[in-house]
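What the coordinates show
Residues per chain are reported as follows:
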Amino acid sequence: MSKTPIRVAVTGAAGNIGYALLFRIASGEMLGKDQPVILQLLEIPVEGPQKALKGVAMELEDCAFPLLQDMVLTGDADVAFKDANWCLLVGSKPRGPGMERADLLKDNGKIFIGQGQAIDKVAADDARIAVVGNPCNTNVMIAAAQAKRLTADRFTAMVRLDENRGRAQLAKKAGVSINEVSDLFIYGNHSPTMFADFTHAKIGGKAAAEVIGDEAWLKNEYLPTVGKRGAAIIDARGQSSAASAANALIDHVRDLSTPGAIHSVAVKSEGRYGFNPDVWAGMPVKTTTAGSFEVIESYEMDDFAKSKIALTNYELVGERETIKDLL
Ligand code: NAX
């Protein structure tokens, strides 16, 4: 007998990341090759995006994916999140010319108030939320603040693209396969202040710092390369990362559904690793059951790592302060 379908709501579904994401969800790459899915797709309720969304749905139909049981296309959050088991919040407003970061935070924050309320009202009891739309650490905090029914641990934001970037850069420098790189976790904000913790990373089972043998490179080149990779992609492509972001979101959800998986997730810090208790910060997480995780708290940070974490925490606290009237 086939499994009960999982309802996956995706916002910003007609956008660039949506286009790189939906086909992979429907083909079973995110939740398993034997797991039927229903896609519930939200776009802003105006003609252009709704028409584009129809086009994407036509293409999904044309793929004849056996696992795709149904699709819902809507401009209404209450419809999109109805009984959803996973809510992937990708859609948000891009930063326009001359727009201040504080305005971006506030404008996008309003979207996440409405979506957080709708999710809390209509999503499934086991609903989990993954925020990608930037600034994702702060948007997830705003959405979670609306929740009366769902607990804070259901709300996560994505730093997995940063982890994947960080692993790839270490593998490239060491001239080894990506599979050799482990224990590389992202702490803090999805922004250039993030700390890609090379101090605990391993290459082929040995300390990465030892294998690389160049502390100055790790501190002065590696960290900025990982932190500013998004900007470098925009500079090269003329558009922001889409396929790699969609790929990271597939990894984020798949690993949060796979007991034993260890990966970087932005979660409510609760004071771990010295973060402000109320901010959502990237840290290492171990999936315990298909629906729950625990934070790995055992990494001892040296003074350099502590100073990096303090910096990214300072930025997260500042973002929280900017939008405090939305909480
Ligand atoms: P696009 O502008 O291509 O697509 C966004 C889509 O969201 C548009 O189709 C828009 O109509 C829709 N949208 C806007 N407001 C909405 C709302 N209230 N409800 C439903 N849909 C809405 O952007 P895309 O390249 O897909 O990127 C989406 C978001 O991901 C951006 O905020 C971007 O900054 C963020 N990113 C986050 C990353 C991460 O690692 N956390 C990396 C990639 C990406 O930069």
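Residue indices follow the written sequence of each chain, beginning from 1 at its first position. Side-chain atom pairs in this predicted model are given and counted only at pLDDT of 80 or more, local residue features only at pLDDT of at least 70, and totals for whole chains, interfaces and linings cover all residues. Remark: hydrogens and water are excluded; side-chain values derive from all non-hydrogen atoms of the structure.

1. Brief notes about helix α6 (residues 160-174)
Rule in force here: Strands here mean DSSP runs of E at least two residues long; helices mean DSSP runs of H or I at least four residues long; both are numbered from the N terminus. Expected span of a helix: the number of residues minus one, times 1.5 Å. Burial status follows relative accessibility: with a 1.4 Å probe on protein chains alone, a residue under 20% of its type maximum counts as buried, one over 50% as exposed, and anything between as partly exposed.
A rise of 1.5 Å per residue sets the reference length of α6, with its 15 residues, at 21 Å; its end C-alpha atoms lie 21 Å apart and thus fit the reference within 8%. Summarising burial for α6: 11 of the 15 residues are buried, a large majority. Among the residues of α6, those classed as buried are R160, L161, D162, E163, N164, R165, G166, R167, Q169, L170 and A171. Looking at the residues trailing α6, positive phi occurs at G175, about 70 degrees.

2. A short note on the site of the ligand
Going by this rule: Residue proximity to a molecule or strand is established when one non-hydrogen atom of the residue lies within 4 Å of it. In protein, a polar contact requires one atom able to donate a hydrogen and another able to accept it; more generally it is a pair of N or O atoms within 3.5 Å, and residues adjacent in sequence count only if both atoms are side-chain atoms. Here the accessible surface of atoms and residues is derived via Shrake-Rupley with a 1.4 Å probe, and residues count as covered only by protein chains that are part of the display. For this classification, Asp, Glu, Lys and Arg are treated as charged, while Ala, Val, Leu, Ile, Met, Phe, Trp, Tyr, Cys and Pro are nonpolar and the rest, including Gly, are polar. Domain start and stop points were drawn from an automatic or database domain assignment.
Lining the immediate surroundings of the ligand are 23 residues, of which N16, I17, E43, S92 and N134 lie closest. In the model, an oxygen atom of the ligand is placed 3.5 Å from a nitrogen or oxygen of the G15 main chain. Contacts to the ligand include V132, whose backbone N or O atom sits 3.3 Å from a nitrogen atom. When the free accessible area of the ligand is taken as 880 Å², the share hidden by the protein chains comes to 82%. Elements with a contribution of two residues or more to the shell around the ligand: α1 (16-26) and α4 (101-122). For the shell around the ligand, a count of residues per class yields 11 nonpolar, 11 polar and 1 charged. No fewer than three residues from each of domain 1 (6-157) and domain 2 (160-326) sit in the shell around the ligand.

3. Brief notes about the packing of aromatic side chains
For clarity, the cut-off: Whether two aromatic rings pair depends on their centres lying within 6.5 Å, for rings of Phe, Tyr and Trp, where Trp uses its six-membered ring; planes under 30 degrees apart make the pair stacked, over 60 edge-to-face, and the rest tilted. Two limits define a charge over a ring: the Lys NZ or Arg CZ must be within 6 Å of the ring centre, and within 35 degrees of the ring normal.
Under the definition given, this model contains 9 aromatic pairs. The interplanar angle of 50 degrees and the centroid separation of 5.8 Å between the aromatic rings of F185 and Y299 together place this pair among those described as tilted. A residue pair is termed long-range when its members are at least 10 positions apart, and F185 in the loop between β7 (181-182) and β8 (186-187) and Y299 in the loop between β14 (292-295) and α11 (303-322) qualify at 114 residues. Residue class for Y299 comes out buried when judged on its relative accessible area of 19%. With a centroid separation of 6.4 Å and 40 degrees between ring planes, the pair formed by Y187 and F195 is classed as tilted. By relative accessible area, Y187 is classed as buried at 0%. With a relative accessible area of 0%, F195 lands in the buried category. Every member of this aromatic cluster is reached through a ring pair, and the members are Y187, F195, F198, W217, Y222, Y273 and F304. Geometry around F304 places K219 over its ring, the cationic atom sitting 4.5 Å from the centre.

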